[in-house]
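Fold and contact review
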Amino acid sequence: MAGSKRSSLHGQWSSRWAFVLAATGSAVGLGNIWKFPYITGENGGGAFVLVYLICIACIGIPIMMAEILIGRRGRRSPINTMRVLAREGHHHPAWQYLGWIGVLAGFLILSYYSVIAGWAMAYVFRAAGGMFSGATGEQIGALFTGLISDPERLLAWHTIFMVMTMIVVSRGVQSGLEKAVRFLMPALFLILVMLVGYAMSTGSFTAGIAFLFTPDFSKLTPAAVLIAMGHAFFTLSLGMGAIMVYGSYLPENASITQTSVIIALADTLVALMAGMAIFPIVFAHGLEPGAGPGLIFQTLPIAFGQMPGGAFFGTLFFVLLVFAAWTSAISLIEPAVAWLVENHGMTRVLASAWAGVITWVMGLGTIFSFNLWAEAKLFGKTFFDLLDFATANVILPLGGLFIALFATWTLSRKVTMEELGLQGAGYQLWYILTRYVAPLAVIFIFLNVTGLLRFG
Ligand code: PHE
């Protein structure tokens, strides 16, 4: 049968577990530990979290399954996968632009992701140097401001992080990644458990939990709903081809459904634990939940400064955060690199170098938006804010929308059934969610936020 038994030019995961680990490595990153807490804080807590969870279950998981199955069916970089699958099904060649948009999104996201990962690297050394011990909330805040207002330091860390990322990518994502994630994910999880334990001792644990889990729908604006949905895509690495390209390295016999559910559960758990660790500290120290992108850097160091062994655990935490960011960054650029290798006959090393240099230059905009360009705003947003908003809340949901449409309106039921290995009610549930529910939800949320449709 045409196309069903292809293999990838770039190799394959050694097992289904290797894929689960790599995809979890892609999903779990700064989105869970840095972004989820601060956007939850900015958008009023409980109701926002509830919308986010609903989006993960009803939009995220079905689209993740669609993305993986398209990838495995095509066995190429997302651009070529879309081109080939469209051609085989006699569909419009314009579907390949979906792959292009994904590659663009990968560059845009990585350009700021790397800068934030740089903050985490700086904090490894701050923690190790004992800079937090006994420090007040104010002193911790000043330390953070000191870092982001210094473009040279940010540039140095951004450069180091980009080099680290491109080295792994140039070696092929299968070799190094599998091993790294196997030990990292459990370690990250354990240290989060410990931080939640510390949060319980702050006296504000219930306040933190109530903030996260008691929905107050009066705080739920249409914009907050859009941000919650956008974050569901961002945190699961959906809508830009990262999960698609990892799916293209997935062995034939692995269950796409099971793996998607495992990845989504692990990802959600990490985000919720980060929230449970951070908000009690926020309330115990009278800090502002809506402090923005600096939230974790202004709260967790207080905890590390006070707990016994804080320098050690703080160092470990930021090291793990850097690793989590690293395994996500790799997947952001893999679609571009795989395409360069396929279409331009480049070696992986050369392709990685090109992609890395382009991203590095783009990252300068984010660096300056925290200092030299802090006052330069468009629609009230800095360059970094705009980049983050446009990618997470517009491009990824749009990409995800078209991926869902492609999987259910363009590919035949026979193909999707075969890839998913589902039948009966299970298949039907996926089909309805992916063909109708997810696309309509995305469109509805877009319209609601642009004011064409007003609810509440
Ligand atoms: N999911 C990653 C995170 O939460 C970010 C990411 C987005 C990675 C899109 C790949 C693609 O940090």
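Residues numbered from 1 in each chain as written. Predicted model: local features only at pLDDT ≥ 70, side-chain atom pairs only at ≥ 80, totals over all residues. Heavy atoms only, no water.

Describing the overall build of the chain
In terms of regular secondary structure, the chain is built from 18 helices and zero strands. The C-alpha extent of the chain, read off along each of the three principal axes, is 65 × 50 × 40 Å. Sorting the 456 residues of the chain into buried and exposed places 61% on the buried side. Within the chain, counting contacts between residues at least 6 apart in sequence, those at least 24 apart form 83% of the total. Here the chain displays about 16,900 Å² of accessible surface, and carbon together with sulfur accounts for 70% of that area. Charge-centre separation for the chain: the mean point of 23 positive side chains lies 11 Å from the mean point of 18 negative side chains. (Helix = DSSP H or I, 4+ residues; strand = E, 2+ residues; numbered from the N terminus. Buried < 20%, exposed > 50% of the residue type's maximum accessible area, 1.4 Å probe, protein only. Contact = heavy atoms within 4.5 Å. Areas by Shrake-Rupley, 256 points an atom, 1.4 Å probe, with all protein chains shown as cover. Lys, Arg positive; Asp, Glu negative; His and termini not counted. Charge placed at Lys NZ, Arg CZ, Asp CG, Glu CD.)

A look at empty space enclosed by the protein
If you walk through the whole model with that rule in mind, you get two cavities of 30 Å³ or more. Lining the largest cavity are 17 residues, with Ser26, Tyr113, Phe234, Ser237 and Leu332 positioned closest to its centre. Of all the secondary structure elements, the ones that give two or more residues to the lining of the largest cavity are helix H1 (16-27), helix H2 (30-42), helix H5 (96-128), helix H10 (222-235) and helix H14 (310-344). Here the lining of the largest cavity takes three residues from H14, the largest share from any one element. Taken as a whole, the second largest cavity holds about 40 Å³ of empty space. Lining of the second largest cavity is provided by Pro78, Met82, Leu98, Gly99, Gly102, Gly239, Met240, Gly241, Met244 and Ile403. Elements represented by at least two residues in the lining of the second largest cavity include exactly helix H4 (78-88) and H5. Ranked by residues supplied to the lining of the second largest cavity, first place goes to H5 with three residues. Its residues assigned to classes, the lining of the second largest cavity comprises six nonpolar, four polar and no charged. (1 Å grid on protein atoms, 1.4 Å probe; cavity = no way out; pocket = protein on both sides within 12 Å on 5 of 7 lines; lining within 4 Å. Points joined across faces, edges and corners; volume = space filled by probe spheres on them. Nonpolar A, V, L, I, M, F, W, Y, C, P; charged D, E, K, R; others polar.)

Some details on helix H9 (residues 205-213)
Every buried residue belonging to H9 is among Phe205, Gly208, Phe211 and Leu212, and all of these are buried. The buried residues of H9 occupy one face: seen down the axis, they fall within an arc of 130 degrees. (Arc of directions from axis to C-beta.)

Topic: the environment of Ile432
Here Ile432 is to be found in helix H18 (residues 424-450). Taking the C-alpha atoms as reference points, Ile432 and Thr408, separated by 24 residues in sequence, lie 8.9 Å from one another.

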